[in-house]
Amino acid sequence: MRNSAELTRREFIVKSVTAISAVYIIPDLIPKAVASKPLDVEVSDKTKWAINVDVNKCVDGCTACVEACVDENGLYGFDRPETDSQWIRKLRIKDIKTDKVTTLPMMCQHCENPPCVDVCPTGASFRREDGIVMVNQHTCIGCRYCMLACPFKARSFVHENLTEQVTSAPRGKGCVESCNLCANRIDHGSETTACEEACMKEGHHAITFGDLADPNSRVSIAMQAKPSRRLREDMKLKQRVTYSGF
Amino acid sequence: MDKITFTKFIIDPKIFWSNFILLGVFILIGFGCSHYMELEGHHVTGMNNQIVWGLPHIFAVLLIVIASGVLNIASISSVFDKKLYKPLAPLSALLAISFLIAGLAILVLDLGRPNRLIVAMTTYNFKSIFSWNIFLYSGFAVVLAAYMWTMLDREVNKYSKFMGTFAFGWRIILTTGTGSIFGFLVAREAYSTAILAPLFIVMSLLYGTAVYYLILRIISKFHNTYIPEDVLDNLKKLSIMFLFANLYFLGLYHVTNMYIAKHLDFEIFILSSGGIYTLSFWLGQVIIGIVLPIIILSSDKLCTHLALTVSSFLVLLGSFVAMYVIIIGGQAYPLTIFPDHIIMDSSFYDDVVHSYMPSIYEFGLGIGGVALALIITLIGIANFKFLPTMISSPHSSKPNDKTADS
C-alpha cells in the first residue's frame, strides 16, 4: 500500500512546475505596480538635459558642489589623490591676456559627439537620448580607452575595493566612471542635480541645471540672459555643459 | 635549389626542460601579478587617473607590433617569391602567432575587469577601433594557423602563396589598426595624427626582423642550423632599409606635428624640455634604436653575424624605449582644456606633466607575457617540424647534403 505522504513521479513533476510557475511566470502576468513617474517613461530626445555655469557667480574657495557630488554618489576616497575618483573638481584659471583669475567647476561635459562613446569597445560608455553621457557598470571592461579619449579629463577609474557604497549610485572596482548628471535623481523625478542644489543652498547660483528643450527652464533662461561658450569649441563636440562669463 | 627539409627542434632534454621550467616560472609570476592587481585594484600599480596606460601596455603593444613584423620573413618568401627565405618561413609564422597571443594575454590581464572578457568578445561598438582590433587580432591568429598548415602540409602546399598573401594583407591592416588606437585620440596632442598608422607599420617591419634574427641565432646555438651568408647579407640590407624607413616616418611624424600650431607645445616638450621623455626619445628611440644600428650595419669592420646580432639587440632596446615615449610620453603631457588660460589650481593634476613609476606587478605581468611568447615557440618547434635542417640557397657557399624529406 502506498504511503499517502509519498509523491508519485507525476505529482512531483506537476507540483514542481506549479511552484516554478508561481515564482517565475505568474508575477510577470500580474500588472506591475505603478512606478512613480518618470521611471516608467522611456528616456527620449524630447528632453535635453544641460548645465550652465556662470563663472562670475562661482566663489573662489567654495567646494560645496564637489562635496555634494561626493555625498550623492558615495565617492569617498582613500586619501590617494592620484587614484581617487573625482566626478567634479574646482579649477582656478588665469587668462593669458588679461590675467583675470576665474574659478569654475569641471565635470563631464556631456558632449553630443562624445569621443569616449566613440572609442568604447563594448558600448559601455553611452549617451542617452536625453543627452546624459554615462558608463554602464555591467559592461565596462576597464580598458580605460575612454579616459585617454576624453578631452576634459572628466573620467576616473576605480582603482580599489569600495566600501560605503551608496545604493542609488552603484560603482565597481575596475570600471570607469564619471558625472552622470545625477541620472538616478532626475529619473526619479528630481529637477535638480546634487551640485546645483548645493550651489543654490550656498546662495551662489553659479550652476544651473535643466531641460534645454523647455524655453522656460532655469537653464534656458540662464543661457538666454548671458552669452555662454563651450570648452574647446574647435573640437565641435557640442557639449551640454556651457560656461558663461569668461 | 636544394630540397628544403624541415625538422623538429632536437635538443638535449635537460636543456629543454630547464628552459621550459624557467619560462613557466615567469609565466606563473605574470599570472600571479595580474591576479594580485585584479584582487587589490590598480592602485597597487604605477598607473593612475593621469597615466591610465602603463608598462603592461608597453609590453602588449610592442609584442603585437613584433607579431605583425616577424611575419616579414614568411611574407618575403610566399608573397614576393624569394626562395632564399623559404626555409625560414614556417618559424616566422609560428613566432607571429606566439607573440600575438602573448601581447593579447597581457592586454586582457591588465583590464580592470579581465573576468568580463566574454563581454568584449560578444558586445561590439563598431565605431571603436578597439572593437575592430578584437576581430583583427583574433582573425590574424586564425589566418596564421591556416598559413602554417599550408606551409607544413605538402598536400595543401599549393595554397601557401595565397594564404601568405592573405596573411600579409591582414597584418598590414592589423598594424594600421594598432597605430590607429592612438591616431584616433583627437584630444591628445601626441596622438591625433594618421601618420601613426604607417609609423607603426615600419616599426613592426624593423622590430619583427630583429626579433626573428635574434631567435634564429639562439635556436642555432642548440640546433644544427647553418644560415648562409647570402641570407645574412639580405637580412642586413633589409634591416638597413627598415631603419631608414623608421627614421623617415619618425621625422615626418614630429615635423608634421610641429606644423600643427596646436601641437607645437607638445613637440617642444618631447624634443627638448620633457626631461626623462626627451632623454628617452633622443638617446633610446633615436640613437640606440636607429642611428647606432645603422652605423653598425653599414660598417664593414664587423662580420655580418656579429653586426646583425648587436644591431638587432639595440633595435629591440630602442623599440621598448620607443613604446615608452609614445605611450607614456603622450599621456604625460597635460591636456589643453583652456587654450587661452593657465590652470593655477586643480585637485586633479590638470596642466601638470605627469610622472609614472611602474610597479613590480606591472613588470611581472610584462615579463610573464614575453615568457609566454617564448614558451609557445619552444613547444611549437619541439613538437612540429618548423626548423630547416639546413638553410641553403642557389648561391650558398656551403654544400647541402642533407636532403631527406620531412
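Remember, predicted model here, so these are calculated numbers, not experimental data.

Q: Got a minute to help me understand the overall build of chain B in this structure?
A: Of regular secondary structure, chain B possesses 13 helices and 3 strands. Its C-alpha atoms give chain B a radius of gyration of 22 Å, within 12% of the compact-globule value 22 Å for 406 residues. Taken along the three principal axes of its C-alpha coordinates, chain B extends 75 × 45 × 40 Å. A total of 406 residues make up chain B; the buried ones form 51% of that total. Sequence-distant contacts in chain B: of pairs separated by 6 or more residues, those separated by 24 or more amount to 79%.

Q: What is the right way to look at unusual backbone geometry in this model?
A: Across the chain, the bulk of peptide bonds are trans and the bulk of non-glycine residues have phi less than zero. Residue and element names in this part refer to chain A. Of note in the backbone geometry, Asp79 takes a positive phi value of approximately 60 degrees without being a glycine. The backbone of Cys182 sits at a positive phi, close to 50 degrees, despite the residue not being glycine. Mapped onto the secondary structure, Cys182 falls in the loop between β7 (176-177) and α5 (183-187).

Q: Hey, could you run me through the nonpolar core in this one?
A: Inside soluble globular proteins, nonpolar side chains tend to come together where they are buried. Membership of the largest hydrophobic core comes to 186 residues, with the highest contact counts inside it found for A:Cys65, B:Leu63, B:Ala93, B:Ala96 and B:Phe99. When neighbours within four sequence positions are excluded, B:Leu63 is seen to be in contact with B:Phe99, B:Ala102, B:Gly103, B:Ile106, B:Gly369 and B:Ala373.

Q: So what exactly am I meant to see when it comes to the interface of chain A and chain B here?
A: By a frequent convention, interface size equals the accessible area lost on bringing the separate parts together. Residue-level contacts link 45 residues of chain A with 40 residues of chain B. Within the residue set of the side of chain A that touches chain B, elements represented by two or more residues are β2 (88-95), α3 (115-119), α4 (145-149) and β6 (156-157) of chain A. The greatest single-element share of the side of chain A that touches chain B, amounting to 6 residues, is contributed by β2(A). Tallied by class, the residues present in the side of chain A that touches chain B amount to 23 nonpolar, 10 polar and 12 charged. Pairing geometry for β2(A) and strand β2 (residues 341-346) of chain B, over 5 bridges, is antiparallel. The partner of A:Leu91 across the bridge, within β2(B), is B:Ser346.

Q: Please explain helix α9 (residues 229-259) of chain B as it appears in this structure.
A: Because each turn of an α-helix spans 3.6 residues, side chains separated by three or four positions end up pointing in the same direction. Residue and element names in this part refer to chain B. Relative to the 45 Å expected for 31 residues at 1.5 Å per residue, α9 spans 45 Å between its end C-alpha atoms, a close match to the ideal helical length. If you check which residues of α9 are buried, you get Val231, Leu235, Ser239, Phe242, Leu243, Asn246, Leu250 and Asn257. Contacts made by the buried residues of α9 are with α8 (196-222), α10 (264-273), α11 (276-298) and α12 (304-332).

Q: Is there a simple way to think about the sheet that holds β2(B) in this case?
A: Sheet strands associate in pairs through backbone hydrogen bonding, adopting either a parallel or an antiparallel arrangement. An order of β3(A)-β2(A)-β2(B) is seen for the 3 strands of this open sheet, with the pairing classed as antiparallel. Two strands lie at the open edges of the sheet, namely β3 (101-107) of chain A together with β2 of chain B, each paired on one side alone. For this sheet, the mean angle separating the axes of adjacent strands, direction not counted, is 35 degrees. Here helix α2 (residues 64-73) of chain A sits on the sheet and contacts β2 and β3 of chain A; the angle it forms with β2(A), its principal contact strand, is near 160 degrees.

Rules of the game
Throughout this description, residue numbers start from 1 for each chain and increase along the sequence as written. Whichever chain is written first becomes A and whichever ligand is written first becomes 1, with later ones labelled in order. Since the coordinates come from a predicted model, pLDDT governs what is reported: local features require at least 70, and pairs of side-chain atoms require 80 or more to be given and counted, while whole-chain, interface and lining totals use all residues. Labels follow the DSSP assignment, with helices taken as runs of H or I lasting at least four residues and strands as runs of E lasting at least two, numbered in each case from the N terminus. Radius of gyration here uses only the C-alpha atoms, and the compact-globule reference equals 2.2 Å multiplied by the residue count raised to the power 0.38. Exposure criterion: with C-beta atoms placed from backbone coordinates, a residue whose C-beta has 20 or more other C-beta atoms within 10 Å is buried, one with 12 or fewer is exposed, and one in between is partly exposed. Residues are scored as being in contact if the C-beta atoms we place from backbone atoms lie within 7 Å. A set of buried residues qualifies as a nonpolar core if it consists of Ala, Val, Leu, Ile, Met, Phe, Trp, Tyr and Cys joined through C-beta atoms within 7 Å. Polar here means any residue other than Ala, Val, Leu, Ile, Met, Phe, Trp, Tyr, Cys and Pro, which are nonpolar, and Asp, Glu, Lys and Arg, which are charged; Gly is therefore polar. Here a strand pair is declared whenever DSSP counts at least two bridges between the two strands. Helix span, expected: 1.5 Å multiplied by one less than the number of residues in the helix. Axis definition: a line fitted to C-alpha atoms, limited for helices to the stretch in contact. Angles are taken between N-to-C directions and run from 0 to 180 degrees.

In short, shape yes, function no, at least from these values alone.
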